[in-house]
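Geometric and topological summary
The residues making up each chain are set out below.
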Amino acid sequence: MMRIGVLTGGGDCPGLNAVIRAVVRKGVATHGFEFVGYRSGWKGPLEGSTRTLDIGAVRGILPRGGTILGSSRTNPFKIEGGAERITAHLAEQRVDALVVIGGEDTLGVAAKLQERGVGVVGVPKTLDNDLNATDYTFGFDTAVNIAMEAIDRLHTTAESHHRTLVVEVMGRHAGWIALHAGMAGGANVILLPERPFDIEQVAAYVDKRFQTQYSPIVVVAEGATPLAGQMVLKNQDVDAFGHVRLGGIGQWLAEQVESRTGKEARTVVLGHIQRGGTPTAFDRVLATRFGLHAIDAVHDGDFGKMVALRGTDIVRVPLAEATAELKTVPLERYREAEVFFG
Ligand code: F6P
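Procedures and definitions
- Residues numbered from 1 in each chain as written.
- Predicted model: local features only at pLDDT ≥ 70, side-chain atom pairs only at ≥ 80, totals over all residues.
- Heavy atoms only, no water.
- Pairing = 2+ DSSP bridges.
- Helix = DSSP H or I, 4+ residues; strand = E, 2+ residues; numbered from the N terminus.
- Axes fitted to C-alpha atoms, helices over the stretch in contact; angles between N-to-C directions.
- Contact = heavy atoms within 4.5 Å.
- Core = buried A, V, L, I, M, F, W, Y, C linked by side-chain atoms within 4.5 Å.
- Buried < 20%, exposed > 50% of the residue type's maximum accessible area, 1.4 Å probe, protein only.
- 1 Å grid on protein atoms, 1.4 Å probe; cavity = no way out; pocket = protein on both sides within 12 Å on 5 of 7 lines; lining within 4 Å.
- Points joined across faces, edges and corners; volume = space filled by probe spheres on them.
- Nonpolar A, V, L, I, M, F, W, Y, C, P; charged D, E, K, R; others polar.
- Phe/Tyr/Trp six-rings, centres within 6.5 Å; stacked < 30°, edge-to-face > 60°.
- Lys NZ or Arg CZ within 6 Å of the ring centre and 35° of its normal.

Points about the sheet that holds strand β6 (residues 164-169)
The 4 strands lie next to each other as β7-β8-β6-β9, forming an open sheet whose pairing is parallel. Each edge of the sheet is formed by a strand with only one pairing partner; in this case those strands are β7 (189-191) and β9 (265-269). Recorded for the sheet is a direction-independent mean angle of 20° between the axes of neighbouring strands. Relative to β9, β6 is paired through 5 bridges, and the arrangement is parallel. Residue pairing in the sheet places E168 in a bridge with V269 of β9. Its contacts with the sheet put helix α6 (residues 140-161) on β6, β8 (217-221) and β9, and the angle it makes with β6 is roughly 165°. The strands touched by helix α7 (residues 176-185) within the sheet are β6, β7 and β8, with β7 carrying the most contacts at an inclination of about 170°.

Section: the nonpolar core
Core analysis: the largest hydrophobic core is formed by 79 residues, its most contacted members being V99, F138 and L191. Broken down by element, this core gets its largest block of residues, 8 residues, from α6. Those residues in contact with V99 that sit more than four places away from it in its chain are I4, G5, V6, L7, V23, V121, V123, A294, I295 and V298. Formed by 25 residues, the second largest nonpolar core is a distinct cluster that contains A83, V95, L98 and M306.

A few points about the layout of surface pockets
Taken as a whole, the largest pocket spans an internal volume of roughly 760 Å³. In this structure, the largest pocket is lined by 35 residues; those nearest its centre are R73, M170, R172, E222 and R275. Secondary structure elements with two or more residues in the lining of the largest pocket: α5 (104-115) and β6. Looking at the lining of the largest pocket, the element that brings in the most residues is α5, giving 3 residues. Of the residues contributing to the lining of the largest pocket, the split by class is 9 nonpolar, 11 polar and 15 charged. There is about 170 Å³ of room inside the second largest pocket. In this structure, the second largest pocket is lined by V189, L191, R195, P196, F197, D198, Q201, V202, Y205, Y334, E338 and F341. Counting residues per element, the lining of the second largest pocket draws most heavily on helix α8 (residues 199-211), which supplies 3 residues.

Quick word on the packing of aromatic side chains
In total, this model carries 6 aromatic pairs according to the counting rule given. Note on F197 and W252: the rings are 6.4 Å apart at their centroids and 55° apart in plane angle, and the pair reads as tilted. Separated by 55 residues along the polypeptide, F197 in the loop between β7 and α8 and W252 in helix α9 (residues 249-261) bring together distant segments of the chain. Here F197 falls in the buried class, since its relative accessible area comes to 5%. The class for W252 is partly exposed, based on a relative accessible area of 24%. Site record: aromatic cluster; members linked through ring pairs are Y136, F140 and F282. Positioned over the ring face of F77 is K112, at 4.7 Å from the centre of the ring. If you follow K263 out to its NZ or CZ, it ends over the ring of F210, 4.9 Å from the centre.

Some words on the environment of A147
Note on placement: A147 falls in helix α6. According to the relative accessible area criterion, A147 is buried, its value standing at 0%. Through-space distance from the C-alpha of A147 to that of T52 is 35 Å; in sequence the pair is 95 residues apart. Leaving out residues up to four positions away in the same chain, A147 has contacts with V169, A181 and L270.

Observations regarding unusual backbone geometry
Of note, R172 is a non-glycine position whose phi angle comes to about 55°, a positive value. Within the element layout of this structure, R172 appears in the loop between β6 and α7. Residue R172 is classed as buried on the basis of its relative accessible area of 17%. Phi angles above zero are rare outside glycine, and Q213 is one such case at about 60°. With respect to the element layout, Q213 can be found in the loop between α8 and β8.

Here's what the structure looks like:
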């Protein structure tokens, strides 16, 4: 009987449990596999830390956010002898292959381990929707809906107090969450990392909205930057994959807008609220389909692949291709949103 290890790495997002459930349910029922759950991303196989992962363990987890396996941003290639420790634990625990659920960093590690002979199938996970090889990743739709609901609520209070409300959303170096939430929520202006903004222009849009007796909502992606300016960061800490912690642009923007318009501006940072709670129906279905197709790839011995959404089909793409390029917002998509600015 084949024993399959499963892990979730990187930032959590709604839908991870739906993938785990689908992998285990189909793996046991259709392919007769046995599963080992690795705890806390790559930390699990690195330390040999496991938990039971059978049909009983995945009952009732479809609507639950987070991940029953836990997650971390551990990079085994930044740890002396890390990769060797992983292969040793896999052998010791009789694990024949891994299903790895993660974003570009987690899958990047999977691709390197694959080169060392570990059988790996990847499932794309990123709230930011910034993996080029797949049309959508699960977690994104939930984050957009949470941000849209927040914007709807902020509209009414902004109007009552004649204020500007700046909403800072996640997305790292891609503006997908800001673009979709801003369009769905009818933002006055949307600012993305892909297009450095002119603060004078932003203030002019805000002013125009006030003139129509309507209060402006500015949606800003955490990675957005002003023209010819430095990215505004809370601190310069980097994680094990070298990423800086973003955040702080919303506060800066509100101060700048307030001083230019003479009207009060406040900031709301949605932060991890966008990653919490139950996944939308879209994310549950996408995550479930990814899980079903991933375990079929394991059954076929089609390792070194990642499942991906292309149109409405789930396909398999090489892991290396999956992590090669970041998917950012193209200019023409921004142009569509711009029609509604001001
Ligand atoms: O990649 C997902 C994400 O939520 C980004 O949008 C954000 O920049 C980052 O993770 C935050 O990570 P952490 O929770 O580790 O601070």
